[in-house]
Amino acid sequence: MEKSDSFEELICWQKAYQLKRRIKEEVICKLPKYEQFELKSQILRASRSATANIAEGWGRFHYLDSNKFYYNSRGSLAEILDHLIEARDDKYISKDLFF
């Protein structure tokens with residue numbers, strides 16, 4: 001497999017970025033104001049971490065070093081899922097938006 005010219009070409013980064021955009025555009029606005037510094041902050045930080053870790057991993061010279069960042073990104077994506085489950089269960093977002 002040849003190295004891409006930019007992390008933006010990586011499908012995993014593109015998908016994580018799409019998720020981040022959707023969270024910013026469709027989820028955050030639905031959270032109540034009292035969740036601004038709790039759930040909202042956590043979701044935003046995790047979504048930023050997911051794309052940032054992929055980008056940082058791409059920038060490393062050795063694949064083993066890169067893999068650490070990709071694993072961190074995967075963890076951030078799992079964290080986002082957990083937060084979205086909470087938002088769905090607390091009825092901040094609809095089941096349709098969750099899926």
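Look above for the structure.
Caption draft 1: Local environment of the packing of helix 1 (residues 11-27) against helix 2 (residues 39-58). Between helix 1 and helix 2, the least distance of the axes is 9 Å, while the angle of their chain directions is 160°. Judged on the interaxial angle alone, helix 2 and helix 1 are roughly antiparallel. Every pair of crossing elements has a handedness; the one defined by helix 1 and helix 2 is left-handed. Across the interface between the two elements, C12, W13, A16, Y17, K20, I23 and K24 from helix 1 touch I43, L44, S47, R48, A50, T51, I54 and A55 from helix 2.

Caption draft 2: Examining helix 2 more closely. Across its 20 residues, helix 2 extends 29 Å between first and last C-alpha, which sits within 8% of the 28 Å expected from 1.5 Å per residue. Listed in full, the buried residues belonging to helix 2 are L39, I43, L44, A46, S47, A50, T51, N53, I54, A55 and G57. Packed against the buried residues of helix 2 are helix 1 and helix 3 (63-89).

Definitions and limits used
Residue positions are counted from 1 within each chain, in the order its sequence is given. It should be noted that, the model being predicted, local features are given only for residues of pLDDT at least 70 and side-chain atom pairs only at 80 or more, the latter also being counted only at that level, while totals for whole chains, interfaces and linings use all residues. Side-chain descriptors were evaluated using all non-hydrogen atoms of the structure, hydrogens and water having been removed beforehand. Axes, fitted as lines to C-alpha atoms, cover a helix only where it is in contact. Angles between the N-to-C directions of the axes lie from 0 to 180 degrees. Comment: elements are numbered from the N terminus, with helices defined as DSSP H or I runs of at least four residues and strands as E runs of at least two. Oblique is the label for every angle not falling under 35 degrees (roughly parallel), over 145 degrees (roughly antiparallel), or within 65 to 115 degrees (roughly perpendicular). Here is the rule for handedness: rotate from the far helix to the near one, and if that takes an anticlockwise turn smaller than a right angle the crossing is left-handed, while a clockwise turn gives right-handed. We call two residues contacting when some pair of their heavy atoms lies within 4.5 Å. Each helix should span, by expectation, one fewer than its residue count multiplied by 1.5 Å. In this scheme, a residue with accessible area under 20% of its type's maximum is buried, one over 50% is exposed, and one in between is partly exposed, where area comes from a 1.4 Å probe on protein chains only.

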